[in-house]
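What the coordinates show
As a plain string of letters, each chain reads:
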Amino acid sequence: MNPANYILLSALLFSIGAIGVLVRRNAIIVFMSVELMLNSANLAFVAFARMNGNLDGQVVAFFVMVVAAAEVVVGLAIIVTIFRTRRSASIDEPNLLKY
Amino acid sequence: MNFTPPAIDYFALSPMIVIFAAAIVSVLVEAFAPRTIRRFLQLLIVFGALLTSAVLIVLNAGTRTVTGGGAVVIDGPALVMMGTIVVLSILGAALMAERSIDPVGDSFAARASSLPGSEDERQLTQRGYLQTEIWPLTLFAVLGMLLFVTANNLLLMFVALEIISLPLYLMTGMARRRRLLSQEASLKYFLLGVFASAFYLYGAALVYGYSGSIFFPEIAQSLTSKPSESIVVFIGMGMLIIGPLFKIGAVPFHQWVPDVYQGAPTAVVGFMAATVKVAAFGALLRILYVAFGGVRWDWDPLIWIVAVASMILGSIVALLQTDIKRLLGYSWIAQAGFILVGLAAASPAGLESTMFYVIAYGFATVGTFAVISMVRDANGEATNLAAWAGIGRKSPLVASALSLFLLGLAGIPLTSGFVSKFAVFVAAIEAGATWLVIIGVIASLIAAFFYVRIVVIMFFAEPTEQTASVVVPSAFTTISLSAGVAVTLILGIFPQPVLDMLSNAGLFLR
């Protein structure tokens, strides 16, 4: 199969993730959308590694998975703290800081 | 298949290794040391590691090498940036170590997980619990910044970006007072930060796809050697620089800056405002000058637009602010624009002036936040400008120090800010961007207005009942404040030694 199709798929996933971040209002969903964006980048890296015929892209994908896992830990900690304080995970509600 | 391990120059990497080892020891201390001696041990580790690292950077002064399989490059500009980051971190960590300003302890929540306003929180505060988790986080953030300015490939730069960001997201949310604001700032910073990182990563994938390599020198080579330039690599480059531009707080990636400045603990803002800016400019310079130096005309217009937007928006919106921390947040955005003017020159002068600017800016910023942490009323820090009326008559010394920093940031002669603004504007004119400099000068005039307004409020307004008082700090904050004053004056009056050092540092190793 032509690896270029995987690049198109990754661009599609990245766009879905970016739109998800922009339109969804629940912090968890926003966060999941960001993870989708990171994984679409992984897919692009692996597909490009195949097209370029070297392993750099695959190595990057492994590191990104580790970084994404660390990000989940920090992100969920912050979101859970906010949820316990405000009893809501909506990103519209914390609005004390503005202008 | 034979595997040859990469040659690693451990001495060149020692400044980072020291910080990394200290960070791990610091986590272990957090887990195993008894509560009573934890703070003492942590301070010992943090300041010991930072000072050792500073000494190792000085010992490495002549090192120009690419090591770690080509992933890390230690060259002149990298060493200057590393040295600046470590020294500013020492001053920032001193602000965080302060505990005699707030009567109930230091500036961090007794336990970050306790609910704001709960019985749990009240009891912890009453028992005088101090939180020490901030210290390992600080060390990891410093490690990330050191890697960010030395990274020579897209992967290490991404990892370094995350090592900087993740601890800072947490540190933002740990204020002892006004915890709702602090947690909100943390959430906003986190969500926007990871969004920007995702753009960086996808951009990196596109650049890798075009050039077949993640190493900056090879990317530069592929851009000049390939017969046709592809639109893919320029989309990739545009997405790639979103990562550092977000950390710099340039328009349109600036929304988090005022929120984080206002919500985060003041000591943490002092630390991150100074150091992250150095690190992010170091990384941006390396991406643009090393990897994309050959296609300067393709990224210059992009930087021009971002610089103009940052200067104008930051200066004008700062005029309307009533909270001093938020005002400084907008002023950071404007300053980012001024520095980008120097960076857009894409010349050796551009590199030198950008580095000089971030050094001058870093020391003035640490000093500014040292003063802000000392001005307090019954509810904690008094950040509303109304509470600053007449401070200069009650505490002339502290108010004069703050005035010096603000005039420095505004670019008044005899301060570091004047020399740095002059340097970036000269670099831009030499590169032929005179129109950019004209906009820059106009924006500096607008910016000078709001900086001077604070000075006027402090010295020429009558003290009212609302006027806050200035608390006498311990040696920690005093040292940071004095260092800020000294560097701001020295760089303003005798900038030549530092300028010489920067030109001796030379260019990026390719």
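Quick note: structure is the one above.
Residues numbered from 1 in each chain as written. Chains lettered and ligands numbered in written order. Predicted model: local features only at pLDDT ≥ 70, side-chain atom pairs only at ≥ 80, totals over all residues. Heavy atoms only, no water.

What follows is about unusual backbone geometry. Look at the link from Val251 of chain B to Pro252 of chain B: it is a cis peptide, with omega at 5°. Counting through the fold element by element, Pro252 of chain B comes out in the loop between helix 10 (242-248) and helix 11 (256-263). The backbone of Arg87 of chain A shows a phi angle near 60°, a positive value even though the residue is not glycine. Considering the arrangement of structural elements, one finds Arg87 of chain A in the segment after helix 3 (56-86). Located in the positive-phi region is Ala346 of chain B, a residue other than glycine, with phi close to 50°. (Helix = DSSP H or I, 4+ residues; strand = E, 2+ residues; numbered from the N terminus.)

Residues and elements named next belong to chain B. Residues Phe292, Leu340 and Trp388 are the most contacted members of the largest nonpolar core, which totals 226 residues. No other element matches the 20 residues that helix 12 (residues 266-291) contributes to this core. Discounting residues that sit within four places of it in the chain, Leu340 has contacts with Leu245, Ala250, Phe281, Leu284, Ile303, Val306 and Ala307. (Core = buried A, V, L, I, M, F, W, Y, C linked by side-chain atoms within 4.5 Å. Buried < 20%, exposed > 50% of the residue type's maximum accessible area, 1.4 Å probe, protein only. Contact = heavy atoms within 4.5 Å.)

What follows concerns helix 1 (residues 10-32) of chain B. Residue and element names in this part refer to chain B. Residue Met16 marks the point of greatest curvature in helix 1, where the axis turns by about 45°. Along helix 1, the residues classified as buried are Ala12, Leu13, Ser14, Pro15, Met16, Ile19, Ala22, Ala23, Ser26, Val29 and Glu30. Tucked inside the fold, the buried residues of helix 1 contact helix 2 (35-59), strand 1 (65-67), strand 2 (72-74), helix 3 (76-97) and helix 5 (134-150). (Bend = angle between axes of the 7 residues up to and from the residue.)

Quick look at the interface of chain A and chain B now. Listed by partner, the interface residues are 46 residues for chain A and 43 residues for chain B. Interface area for chain A against chain B, summed over the two sides, is near 3,800 Å², with a carbon-plus-sulfur share of 77%. Of all residues in chain A, Phe45, Ile78 and Leu97 of chain A bury the most surface against chain B, accounting for 18% of the area lost on that side. Between Glu184 of chain B and Arg86 of chain A there is a salt bridge whose closest N-O contact spans 3.8 Å. Counting only elements with at least two residues in the side of chain A that touches chain B, the list comes to helix 1 (4-23), helix 2 (27-52) and helix 3 of chain A. In terms of residues, the side of chain A that touches chain B owes the most to one element, helix 3 of chain A, which gives 18 residues. Residues of the side of chain A that touches chain B, tallied by class, amount to 32 nonpolar, nine polar and five charged. (Buried area = accessible area lost by both parts, 1.4 Å probe. Salt bridge = Lys/Arg side-chain N within 4 Å of Asp/Glu carboxyl O. Nonpolar A, V, L, I, M, F, W, Y, C, P; charged D, E, K, R; others polar.)

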